[in-house]
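Residue-level structure breakdown
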Amino acid sequence: MAPRRIAVVTGSRADYGLLYWLIHDLHRAPDFELQLVVSGMHLMPQFGRTIEVIERDGFPIAATVDLEIDADTPHALARAIGTGTAGFADAFAQLDPELVVILGDRFEALAAATAAFAQRRPIAHLHGGEVTEGALDDGFRHAITKLSSLHFTAAEPYRRRVIQMGEPPDRVYNVGAPGLEHLTRTPLLSRSEVERAIDFALGDQAFLVTFHPATLDADDPADQCRELLAALDAFPQARIIMTLPNADPGGQGIIALLQAYAQRHAQRCRLFASLGQQRYLSLLRWVDVVVGNSSSGLIEAPSAKCATVNIGERQRGRLRAASVIDCPPRKAEIEAALRRALDPDFRARLSDVQNPYGDGAVAQRILTVLRRVDPLALVHKRFYDVMVPTHA
């Protein structure tokens, strides 16, 4: 029997890191043919052109899809979805995958799902059922769920929510968060190794900062970023490692602020377009706090026993561990949250934190399901009605 052709779509450093071990295991499995389709931020020099990371990792790239995004406005994003849909349609027509794997909630993921669905190619969706009420990603994610025929969720409440959306229970699997697999399978760096890898000493106190635009928030993301940077100034002893935001509306304003801040504080701050999974997850083990509004602060940081200060509305609705401290995007509240995260009593409890996103043994669970299902049978979707109480 010929290997089953599985297309995996990746559009950014973030989803590639989460998909890495699934990609790795598909590539190694003799009964699957990996077709890696690379798009989005991977192809953009200003975000580190991380397609080169994929190439260095040794994974063959079957196709690239350029979104031709030239601005960080809603208009440019909408056009990029259209361009991406056309590009993914061409890629899938050429590759003829039997199943398409898509993770998460980005606009390029929606473009890929639209193209695959229109060509009657079944989609396996990872990280569905979650809620992030402060971002456009919330709508993109739920739309991808309804276009998909197979679902791998990161927690049991998310599995139930996907079923609530009308997806049949026998096609919805709670496998846990794939990003956690790095903590058990990726060789992580010691403190001295990670300092050499980023050419930066962590000192006695260190913060890891990632701040993205909250794309449904009425406030200017640049103003929110200014509040964050002002709060960081209250900790002059802290060493700060920053990463750039995603290519979302409002992102360029944040990038300019981060670049200026890193230049002003060159002795204690470093800014990276992309750290990559090994350096980023290694840093989680050695920094004192993850600061910002990235999903990694809620999903990966608790397993590394690292405190998180989660700012604003972007992640509102997601499950969170006891290591996560939520605060509004205002200087005083961010500063107070950071002081709480650094409090010895709070830090003493981090070792007992339980992560709601599972144990990280995800890739082989997904491959087991992919071996069992018939892709042709997945093309036909049925709506599953959840019985709800009726009231007189």
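Above this text is the structure in question.
Our subject in this report is the structure included herewith. (Residues numbered from 1 in each chain as written. Predicted model: local features only at pLDDT ≥ 70, side-chain atom pairs only at ≥ 80, totals over all residues. Heavy atoms only, no water.)

Our next topic: the sheet that holds strand E9 (residues 239–243). Pairing within the open sheet is parallel, and its six strands lie in the order E10-E9-E8-E11-E12-E13. Two strands in the sheet have a free side with no partner beyond their single neighbour: strand E10 (269–272) and strand E13 (324–327). When strand polarity is set aside, the average angle formed by the axes of neighbouring strands in this sheet is 20 degrees. With four bridges joining them, strand E11 (residues 289–292) and strand E12 (residues 307–311) adopt parallel strand pairing. Across the sheet, the residue bridging to Val 289 is Ala 307, located in E12. (Pairing = 2+ DSSP bridges. Helix = DSSP H or I, 4+ residues; strand = E, 2+ residues; numbered from the N terminus. Axes fitted to C-alpha atoms, helices over the stretch in contact; angles between N-to-C directions.)

Here we come to the pairing of strand E3 (residues 61–65). Both strand E2 (residues 32–39) and E3 contribute to a ladder of four bridges, which runs parallel. Within E3, the residue paired with Val 37 across the bridge is Ala 63. Traced from E2 through helix H2 (residues 51–56) to E3, the parallel crossover comes out right-handed. (Right-handed = clockwise from strand over helix to strand, strands pointing away.)

With the rule as written, the count across this model stands at 28 salt bridges. Arg 382 is the partner of Asp 170 in a salt bridge, and the nearest nitrogen-oxygen pair spans 3.3 Å. Placement of the pair is Asp 170 in the loop between helix H6 (156–164) and strand E7 (172–174) and Arg 382 in the segment after helix H16 (375–378), with a sequence separation of 212 residues. For Arg 382, a relative accessible area of 45% translates into the label partly exposed. A salt bridge links Lys 331 to Glu 335; the nearest nitrogen and oxygen atoms lie 3.2 Å apart. Placement of both Lys 331 and Glu 335 in helix H13 (residues 331–342) is noted, with a separation of four residues, approximately one turn of the helix. You can call Lys 331 partly exposed: its relative accessible area is 33%. For Glu 335, a relative accessible area of 17% translates into the label buried. Beyond isolated ion pairs, a larger network of salt bridges with shared partners links Asp 105, Glu 130, Asp 138, Arg 141 and Arg 318. (Salt bridge = Lys/Arg side-chain N within 4 Å of Asp/Glu carboxyl O. Buried < 20%, exposed > 50% of the residue type's maximum accessible area, 1.4 Å probe, protein only.)

On to the environment of Leu 275. Tracing the sequence through the fold places Leu 275 in the loop between E10 and helix H11 (276–286). Given the relative accessible area of 6%, Leu 275 is considered buried. Each C-alpha atom of the pair Leu 275 and Ile 198 lies 8.3 Å from the other, and the pair is 77 residues apart in sequence.

A few words on the pairing of strand E1 (residues 4–10). Among the seven residues in E1, six count as buried, and that is most of the element. Strand direction decides the pairing type here: E1 and E2, joined by seven bridges, are parallel. Directly across from Val 9, in E2, lies its bridge partner Val 37. You can see the chain leave E1, run along helix H1 (residues 13–28) and come back into E2, and the turn it takes is right-handed. Here E1 runs beside strand E4 (residues 99–103); their pairing, made up of three bridges, is parallel. Counterpart to Val 8 in the pairing with E4 is Val 101.

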